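Okay, here's what each chain looks like letter by letter:
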Amino acid sequence: MNISPIDNFELLFPDNSGFDKTDILFYSGKNDLCSLYLSAENKRNRLFVTDTNIAPLCTDFISHFTDENADNIKAPSIFKKGNDTLCILGAGEKYKTIENVLEIVRAALNSNFNRNCLFVAIGGGVLSDMTGFAASMFKRGVDVEFVPTTLLSDVDASIGGKTGCDFDSYKNMIGAFYPAKKIHIWSSFIQSLPQNEFISGLGEVVKTAFLFSPELTEILKTQKEKVMSRNEEVLKKIITICAKAKAKTVHEDFKEKGIRAYLNYGHTFGHALETVAGLGKISHGEAVAWGIERALELSLDKNLCSAEFANECKSILFDYGFCTDPLPQIIKDIPNATLALVSAMHKDKKNSGSCVKVILQKTGQSTFITEVQDNEILEVLK
């Protein structure tokens, strides 16, 4: 049985990037990994990487490798079948470590893979980040494909080639630019997401809307019921708008020397919140949404945007249940939490001097990068 995408487009990379393109393919119906990867004779070594949360959603595929019940598989586990190897890791941000990246490398090495092999990540942003990073290192670089299973990964994390892992409680401190050859998107995976993971993905959707798309902003404002009920047509529209917006940005600025940095809107504050709260204690998208709200306050304080614009954006964040408090409840009991946030922001990899680099907006789709002093940050954390 062959499987055909219902839609597709290409992310083309700049000539000086060292990469050609990523094919982004959309499929309808229930995910069918067996038809995608197992229906034809394969002579290439392939390493499939997933986690203990995703394995039960792909039981037909997992059963190709093992008779074990997918719900009971412990991490890390390695299974082999013919030219293929399956690596199952622990699920969640706390497993986004260099040790698990090396676990992926070790699985390929122990299977005697050569440079013609293929790595495939089946999971959310944590899995694609780690698998892409492992692929960039194994024998100085092998092909990688992603099958994103979360909204956050569909709209952001899997697209554009940023790979890596956390280190010493700081987000994405180790990594490489290493894009996938193909990304296979089934919106059906999103139907099984826990609510907090779905909301996390919406944080990145809101970011993309504010940065690039009046159409998406309008969808968020006027179709909340369909968005929250995970209407398939609305989800496909959202994912397509976000994927194409990110692909266009990456094409123009692959190594993040200019406009691609806009994609970090809300992230300098958000990553600091994740660090201070403890990685995995608050979802990435929720932290980013809170970071956008703080960035709006900073723009207001600096007289860079109107109160009307800021309030319209804040209203969308509030309507979708994101925290708009200066200091989220999750860190209110931490001693000197505001100072800890500022300290974490100084360790952000985007900084180049003693100030903190942030992304701010004047109006919708009018974005710029600036540096701010500690006292300006502390003012919006009161």
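Criteria and thresholds
Residues numbered from 1 in each chain as written. Predicted model: local features only at pLDDT ≥ 70, side-chain atom pairs only at ≥ 80, totals over all residues. Heavy atoms only, no water. Core = buried A, V, L, I, M, F, W, Y, C linked by side-chain atoms within 4.5 Å. Buried < 20%, exposed > 50% of the residue type's maximum accessible area, 1.4 Å probe, protein only. Contact = heavy atoms within 4.5 Å. Helix = DSSP H or I, 4+ residues; strand = E, 2+ residues; numbered from the N terminus. Arc of directions from axis to C-beta. Pairing = 2+ DSSP bridges. Axes fitted to C-alpha atoms, helices over the stretch in contact; angles between N-to-C directions. Disulfide = S-S within 2.5 Å. Salt bridge = Lys/Arg side-chain N within 4 Å of Asp/Glu carboxyl O.

Let's shift gears to the nonpolar core. In terms of nonpolar packing, the biggest core is built from 102 residues, with Leu-47, Phe-119, Leu-151, Leu-202, Val-205, Phe-269 and Leu-341 touching the most fellow members. Non-local contacts of Leu-202, meaning those with residues more than four positions away in its chain, are made with Leu-151, Val-227, Met-228, Tyr-320 and Phe-322. Counting 23 residues, the second largest nonpolar core, distinct from the first, contains Leu-25, Tyr-27, Tyr-37 and Ala-55.

Let us now look at helix α13 (residues 337-346). Here α13 has its buried residues at Ala-337, Leu-341, Val-342, Ala-344 and Met-345. Buried residues along α13 cover an arc of 160 degrees about the axis, so they all sit on one side. Of the surrounding secondary structure, the elements contacted by the buried residues of α13 are α10 (267-277), α11 (284-301), β11 (356-363) and α14 (374-379).

Pairing in this open sheet of eight strands is mixed, and the strands run β1-β2-β10-β7-β6-β3-β5-β4 from one edge to the other. Whereas interior strands pair on both sides, the edge strands pair on one side only; in this sheet they are β1 (7-12) and β4 (77-81). Strand after strand, the sheet turns through a mean of 15 degrees between neighbouring axes, direction not considered. As judged from the six bridges shared by β1 and strand β2 (residues 21-27), these two strands associate in the antiparallel manner. Looking at the pairing, Leu-11 lines up with Thr-22 of β2. Sitting on the sheet, helix α4 (residues 125-137) touches β3 (46-51), β5 (84-89), β6 (118-123) and β7 (143-148), and the angle it makes with β6 is about 170 degrees. Against the sheet, helix α9 (residues 232-252) contacts β1, β2 and β10 (182-186), and its axis sits at roughly 20 degrees relative to β1.

Our focus in this paragraph is the environment of Cys-117. By the element assignment, Cys-117 lies in the loop between α3 (98-110) and β6. In sequence terms Cys-117 and Gly-175 are 58 residues apart; their C-alpha atoms lie 21 Å from each other. When neighbours within four sequence positions are excluded, Cys-117 is seen to be in contact with Arg-44, Asn-45, Phe-138, Val-142 and Asp-143.

Cis geometry is found at the peptide bond from Ala-75 to Pro-76, where omega equals -5 degrees. With respect to the helices, strands and loops of the structure, Pro-76 is situated in the loop between α2 (59-63) and β4. One non-glycine residue, Ser-169, adopts positive backbone phi at about 75 degrees. Turning to its location among the elements, Ser-169 is positioned in the loop between β8 (162-167) and β9 (170-177). If you check the backbone angles, Asn-303 has positive phi at about 55 degrees while not being a glycine. Mapped onto the secondary structure, Asn-303 falls in the loop between α11 and α12 (307-319). Asn-303 sits in the exposed class, given a relative accessible area of 70%.

This structure, assessed with the given rule, holds zero disulfides. Cysteine Cys-87 remains unbridged, with the sulfur of Cys-117 as its closest cysteine sulfur at 13 Å. On the accessibility criterion, Cys-117 (0% relative accessible area) is buried.

Another aspect to go through is the pairing of β5. Remember that side chains alternate between the two faces of the sheet whenever the strand is regular. Summarising burial for β5: six of the six residues are buried, a large majority. Burial along β5 is two-sided: the residues Asp-84, Leu-86 and Ile-88 and Thr-85, Cys-87 and Leu-89 are all buried.

This part is about the pattern of salt bridges. Per the counting criterion, the structure on display carries 21 salt bridges. One salt bridge connects Asp-143 with Arg-44, and the closest N-O pair in it is separated by 2.6 Å. With a gap of 99 residues between them, Asp-143 in strand β7 and Arg-44 in the loop between α1 (33-37) and β3 connect regions that are remote in the sequence. Arg-46 is the salt-bridge partner of Asp-84, the closest N and O atoms lying 2.8 Å from each other. With Asp-84 in strand β5 and Arg-46 in strand β3, this pair connects stretches of sequence that are 38 residues apart.

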